[in-house]
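Structural description and commentary
Given next are the chains, with one letter for each unit.
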Amino acid sequence: MQENFLQTGLTEQQALERLNRYGTNQIKERKKKRPIFLFFNQFADFMTLILLAAAVASIFLGEEIEAFVIIAIVIFNGILGFVQEYKTEKTMDSLKAMAAPMSKVKRDGAVKTIETKFLVPGDLLVVESGDRIGADGELVECTDFKVDESLLTGESVPVFKTADSKGDNRIFMGTVAVSGHGMAIVTETGSRTEMGKIAGMISESDDESTPLQNRLARLGKWLVLGCLGICAVLALIGVLNGGDWLDMLLSGISLAVAAIPEGLPVVVTVALAIGVNKMVKVNALARKLSAVETLGNTRVICSDKTGTITENKMTVKQTIPDITKMKPELAAKGLKEEYTQEDILFLTFALCHNVHINNSNNRLEYSGDPTEIALLEYIEKIYPDLLNILNRYKRVGEISFDSNRKCMSVIVETKNQHKIMLTKGNPDVIMSMSDRIMDGKTVRPLTEKDKQKMQRHNKDLAYQGMRVLGICWKTVSKMTEATESKMIFAGLEAMEDLPRAGVDKSVELCKRAGITAIMITGDQPGTAAAVARRVGILPENGKVVTGSQLRGLSQEELDKITDNTYVYAAVSPADKLEIVRSFKRKGYVTAMTGDGVNDAPALKEADIGVAMGINGTDVTRVAADLVLLDENFNTIVTAVREGRIIYRNIRRFIRYLLSCNIGEVLTMFVAAIAGFPMPLVPIQILWVNLVTDGFPAVALGFEPGEKDVMDCPPVPKDSDIFSDGLGRKIIFRGITIGLGTLFIYWLVQYIGGDLITARTAAFAHLVTAQLVHVLECKSEREGITEINLFSNKILLLAITVSFLMLLTVIYIPPLAYVFSTAPLHWTYWCIVMGISILQPFIVINVRNTRRKRLKLKKAKAVQQV
């Protein structure tokens, strides 16, 4: 029955019935948001809701124009965010389309190529070298079959498979056959596959708000409290003065609306969009705008090893003896009967393999086991004409590799019918089957001292993270002598999966930036530790922990281990998830990088999931916040730097906008308390909020970033947006702007100006003071005299345009009528400009005085100690 099935497979009718019963062979994805829902999702944040409330209040107060402008700003901001996220989703779709989901099955007695999604349980799957396996199954036939399971397990070394049910006969969806061929009965499809189960773990990780979203929400709450406070104070003053409390309450609501920075959501969105576009140019695709800023606050980067830190390509690094200086012409031509050690290593690399070699335009192309390909590429540099060797040596026998013997042998015949047996495999196995050893051309008995010497070499190379193979051989006069015994030991070969270029420098930069790089891999601890040590991840006192050591630990025990552990080896997907959760419990903004399906749950759980764009799986890319289009670890560091610049720029324009709004509110608030006519009319306030606040604030988003942006520790996850004295700076500068405006308003009337002229002068000062202040906002630590004022050409252009627009609403009669302004005499302009320019120097003087006091206080404290 079984033999008959292997000849025919399922019938098409049986396959159709099973397709109806089990469904298509597809992993269920989260339901995609329709574009309309993606658009409306842009209006769900707290700041936007505050703006909408302000618009409703404006309508209630009869300020329809202001309400219209606020609503227009909100819609514009929503469109901007929607377009950016929609473009990203389209890019993700194009990455997904790069895959070719086709599989070969045997149905009705014939091998057919079908779409992988139509595979069903019971199908007879035909797999050849280079095929991506379309479903989980059990092998029923195979020859020299090896599978690269790194996308599923993290292991970089291909796994040897067997059709024996007592051995490793299982194959899995998403893995790649690298050598041999086989047939398997499909056992599971779709979400029931191992890949599908891991994808299902992603749904357990809920989407969380980013640190930036939390900070802006807290800012919004402070603004609401401030607005309610303004309303309450003005209503109370109205009652105490015997006035109409309702009129004062309405005045308070009007002031509260003026206090809301309408441009803040737009400016934040524009700054994030600028960052996203910059990152795309360096091959980093942010799926969400907020992910850019969050990456800049990263405290821990948990990185997969295979394909992320390393190239996922084996490279020969050393042979014992060294064969790089040999002259293999006679050996290559099959004319030698006496061989040196170098000859044997050379011929074993060239002949003992099952790699498919294709000669394309005089260039050899290989497909098969990465280990064997690495050996061929290595000797091709020594002797480019490999096809000549294959033509002159005829393979007459083979003992295939299996996981029990841990070696592979071939018997080849030379041009003069001289037969030799070449064997490569585990060094200990190779030494155990050898009773002699080569020393140059001389063959002598293998001693215990020789074995100890080779074992030391093997141990030293393995400590460096290399995979070591032993080589042995013997001559055979007839095929019955071709047994793996009484061999001649020839030497060792060591290869490694090299770290990507520049990773060590990127890790060093992470350390400077206060970011801890952690390696989490399915590889063995020795290999993982060696690679981590080489790229600088593992310090001298750093720990290496295996997945088995983590399982069964409580959260408290795991949190203690993660304090000083830099390498986690032989871990499962569930282990990765728990490690990420441990870092998050400590309040660290955590990034997780990876390309395999095994990384997807941890990527989803992390604050920032970073996936690979080319070799990464669809499951991983869907789970990620950032996709590396070039799969380069160094791009992460570039993205972190860009994220830090964006966060600083957000702080810059929050400082600018709130200082300006405090200045406006203080001007109106003090005038209302004092019983003065309002220094500014509503349309002037709206103009300042949109034009003077808007253009320069957006231009701040183009600040190139300070040189020390990667020399500072990351911002703590729970830190406030006003941390490091930013709140103090905002309040003090807002007070100077407000008092300066009130002083000019009073002074112009005192020296004989009418109310309109005084309002115009106050309006002009409010604008110019803010345009001067925006230059101060270029740096949080340095004053206006200490910074490069010309580093941001876009900001200078925005300042110029804003000032020219101020002149138009003052000196063009129709606009002057609308904005209730009057032309100013040059003496008034001198007062306006003088007080505007004086204020930054007052700030510098106060700052220097405060620093001196703090310095004296510290000095006194030291003396007391």
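On a predicted model such as this, the values are computed, not experimentally measured, just so you know. (Residues numbered from 1 in each chain as written. Predicted model: local features only at pLDDT ≥ 70, side-chain atom pairs only at ≥ 80, totals over all residues. Heavy atoms only, no water.)

**Brief notes about the overall build of the protein chain**
- On a plain count of helices and strands, the protein chain comes out with 33 helices and 25 strands.
- Taking all 865 residues of the protein chain together, the buried fraction comes to 54%.
- Sequence separation of 24 or more characterises 71% of the internal contacts of the protein chain that already satisfy a separation of 6 or more.
- Roughly 38,300 Å² of accessible area belongs to the protein chain as shown, and the carbon and sulfur atoms make up 58% of that amount. (Helix = DSSP H or I, 4+ residues; strand = E, 2+ residues; numbered from the N terminus. Buried < 20%, exposed > 50% of the residue type's maximum accessible area, 1.4 Å probe, protein only. Contact = heavy atoms within 4.5 Å. Areas by Shrake-Rupley, 256 points an atom, 1.4 Å probe, with all protein chains shown as cover.)

**Comments concerning the pairing of strand β11 (residues 356-360)**
- Pairing geometry for β11 and strand β12 (residues 363-367), over five bridges, is antiparallel. The partner of N358 across the bridge, within β12, is E365.
- In this structure, the hairpin formed by β11 and β12 is closed by a connection of two residues, where N361 is found at a positive phi of approximately 55 degrees. (Pairing = 2+ DSSP bridges.)

**A closer look at helix α20 (residues 525-535)**
- When we look at burial in α20, the residues that qualify are A528, A529, A530, V531, A532 and V535.
- Just past α20, the residue G536 takes up positive phi, approximately 95 degrees.

**Focus: the side chain of S434**
- Turning to its location among the elements, S434 is positioned in strand β16 (residues 434-439).
- We classify S434 as buried; its relative accessible area is 8%.
- Of note is the side chain of S434, whose polar atom sits 2.8 Å from the backbone oxygen of I430. (Polar contact = N/O pair within 3.5 Å; in protein donor to acceptor, adjacent residues only side chain to side chain.)

**Comments concerning the confidence of the model for the protein chain**
- Of all residues in the protein chain, 84% have pLDDT values of 70 or greater, and the mean over the chain is 82.
- The secondary structure element of the protein chain with the lowest average pLDDT is helix α13 (residues 329-332), at 54, and the one with the highest is helix α30 (residues 755-776), at 94.
- Across residues 94-100, confidence stays below pLDDT 50; counting only partners more than four residues off in sequence or on other chains, it has seven contacts. (pLDDT = per-residue confidence, 0-100.)

**Observations concerning the packing of helix α26 (residues 633-674) against helix α27 (residues 682-692)**
- In the contact formed by α26 and α27, the axes pass within 11 Å of each other and the chain directions differ by 170 degrees. Considering the angle they form, α26 stands roughly antiparallel to α27. On α27, the residues that touch Y656, N661, E664 and M668 of α26 are I685, V688, N689 and T692.
- By residue class, the composition of the contact of α26 with α27 is four nonpolar, three polar and one charged. (Axes fitted to C-alpha atoms, helices over the stretch in contact; angles between N-to-C directions. Parallel < 35°, antiparallel > 145°, perpendicular 65-115°, else oblique. Nonpolar A, V, L, I, M, F, W, Y, C, P; charged D, E, K, R; others polar.)

**Focus on the packing of aromatic side chains**
- Applying the stated criterion across every chain yields a total of eight aromatic pairs.
- Here the aromatic rings of W687 and F763 are separated by 5.5 Å at their centres, their planes lie at 70 degrees, and the arrangement is edge-to-face. Here W687 is found in helix α27, whereas its partner F763 is found in helix α30, with 76 residues between them in sequence. Pair check on accessibility: W687 and F763 agree, each one buried.
- Look at W746 and Y750: their rings are 4.9 Å apart centre to centre, the planes differ by 20 degrees, and that puts the pair in the stacked class. (Phe/Tyr/Trp six-rings, centres within 6.5 Å; stacked < 30°, edge-to-face > 60°.)

**Things to note about the sheet that holds strand β21 (residues 543-546)**
- One open sheet holds the eight strands; their spatial order is β8-β25-β24-β23-β9-β20-β22-β21, and the pairing between them is mixed. Every other strand in the sheet has two partners, leaving β8 (284-286) and β21 as the edge strands with one partner each. On average, each strand axis in the sheet is tilted by 20 degrees relative to the strand beside it, whichever way the strands run.
- Bridge count for β8 against strand β25 (residues 626-628) is three bridges, and the pairing is antiparallel. Bridging from a neighbouring strand, L285 pairs with V627 of β25.
- Helix α23 (residues 573-585) contacts β9 (300-303), β20 (516-520), β22 (565-569) and β23 (590-594) of the sheet and is inclined by roughly 160 degrees relative to β23.

**As for a nonpolar patch on the surface**
- A cluster of nonpolar side chains, namely F732, M833, I837, L838, F841, I842 and V846, defines an oily patch on the protein surface of about 560 Å² accessible area.
- Considering the arrangement of structural elements, one finds M833 in helix α33 (residues 826-864).
- What makes M833 partly exposed here is its relative accessible area of 31%. (Patch = residues over 30% accessible without salt bridge, like charges linked within 9 Å, V, L, I, M, F, W, Y side chains within 5 Å. Salt bridge = Lys/Arg side-chain N within 4 Å of Asp/Glu carboxyl O.)

**Observations concerning the pairing of strand β19 (residues 487-499)**
- Counted residue by residue, β19 has 13 buried out of 13 residues, so it is predominantly covered.
- Bridge analysis of strand β10 (residues 310-320) against β19 gives seven bridges, and the strand direction is antiparallel. Across the sheet, T310 pairs through a bridge with P499, a residue of β19.
- Across seven bridges, the pairing between strand β18 (residues 467-475) and β19 is antiparallel. The residue bridging L469 from the neighbouring strand is E493, located in β19.

**Comments concerning the nonpolar core**
- With 119 residues, the main nonpolar core has Y568, L626, Y656, W687 and L806 as its most contacted residues.
- Of the residues forming this core, the biggest block, 16 residues, is contributed by α26.
- If sequence neighbours within four positions are ignored, Y568 has contacts with I518, M519, I520, T521, V545, L550, I561, T562, I579 and F583.
- Counting 40 residues, the second largest nonpolar core, distinct from the first, contains V316, I379, V410 and M438. (Core = buried A, V, L, I, M, F, W, Y, C linked by side-chain atoms within 4.5 Å.)

**Quick word on the state of the cysteines**
- Under the definition given, this model contains zero disulfides.
- No disulfide involves C660; its sulfur sits 7.2 Å from that of C777, the nearest cysteine.
- Of the residues examined, C660 reaches a relative accessible area of 0% and is grouped as buried. (Disulfide = S-S within 2.5 Å.)

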